[in-house]
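# Chain and residue survey
As a plain string of letters, each chain reads:
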Amino acid sequence: MQISTILATKGSTVVTVTPDQTIREAVVLLVDKHIGAAVVIDGAGHPVGIISERDIMRLLAQNDHALSEPVSRVMTRNVTIARPGDDTRVVSKTMTVGRFRHLPVMDHGELVGIISIGDVVKAQLDEYEGEIETLQTRVEKG
Ligand code: AMP
């Protein structure tokens, strides 16, 4: 299954922050939207990083004033992205090997969505269930 199939149901909304916003603002956003990561964009809307709850926890463990720090202090700058045509099996491997749970999806330089490891696992389960049903129908008919 392609990533674009997941985005077709999930939608293309990507929650973003800017590097100069505070970590407190990022935390409020993550909590309000029930998500674990936000893409960090520059003034032109281009991704310049990603900030996840793990980055925030890491900083909080070292610094009592972490919430007033800017997002740029903890964001990961080297963002791995996916393309809409990528296969879910490939991206689940990318996330497992890279040890991260979020992948922004870019198409022709534009941010067109974000997928989490949860989205990928759900899509794969749906796909397997469909295959099992097909096989069961074949066995019953045969
Ligand atoms: P996560 O498992 O997604 O909460 O993120 C774990 C760590 O990987 C954090 O330091 C994130 O900033 C970083 N991270 C998350 N997603 C990506 C990504 N697509 N590319 C690079 N780093 C990422």
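Here we summarise the structure given alongside this text. (Residues numbered from 1 in each chain as written. Predicted model: local features only at pLDDT ≥ 70, side-chain atom pairs only at ≥ 80, totals over all residues. Heavy atoms only, no water.)

What follows is about the overall build of the chain. Of the regular secondary structure elements, the chain holds five helices and five strands. Ordering the α and β elements of the chain from the N terminus gives α-β-α-β-β-α-α-β-β-α. For the C-alpha atoms alone, the extent of the chain along its principal axes is close to 65 × 35 × 25 Å. Put simply, the chain has 142 residues, and 32% of those count as buried. (Helix = DSSP H or I, 4+ residues; strand = E, 2+ residues; numbered from the N terminus. Buried < 20%, exposed > 50% of the residue type's maximum accessible area, 1.4 Å probe, protein only.)

Quick look at the site of the ligand now. In the region of the ligand, 15 residues are neighbours, and S52, D55, T76, R101 and H102 sit closest. S52 places a polar side-chain atom, nitrogen or oxygen, 2.8 Å from an oxygen atom of the ligand. Between an oxygen atom of the ligand and a side-chain N or O atom of H102, the distance comes to 2.6 Å. For the ligand, the protein covers 93% of the area, taking 470 Å² as the surface of the free molecule. Residue assignment for the shell around the ligand shows that the elements contributing at least two residues are β3 (47–52), α3 (53–62) and β4 (102–107). Class assignment for the residues of the shell around the ligand results in five nonpolar, five polar and five charged. (Near = heavy atom within 4 Å. Polar contact = N/O pair within 3.5 Å; in protein donor to acceptor, adjacent residues only side chain to side chain. Areas by Shrake-Rupley, 256 points an atom, 1.4 Å probe, with all protein chains shown as cover. Nonpolar A, V, L, I, M, F, W, Y, C, P; charged D, E, K, R; others polar.)

The next subject is unusual backbone geometry. One non-glycine residue, H34, lies in positive phi territory at about 55°. One non-glycine residue, R99, lies in the positive phi region at around 60°. If you trace the backbone, R99 turns up in the loop between α4 (88–98) and β4. Among the residues examined, R99 registers a relative accessible area of 72% and is labelled exposed.

When you line up the elements, T5 lands in helix α1 (residues 3–10). With a relative accessible area of 41%, T5 lands in the partly exposed category. The spacing of T5 and P84 is 79 residues in sequence and 8.3 Å in space, taken between C-alpha atoms.

Another point: the side chain of T88. With respect to the helices, strands and loops of the structure, T88 is situated in helix α4. When its relative accessible area of 1% is taken as the criterion, T88 is described as buried.

None of this, on its own, says anything about what the molecule does.
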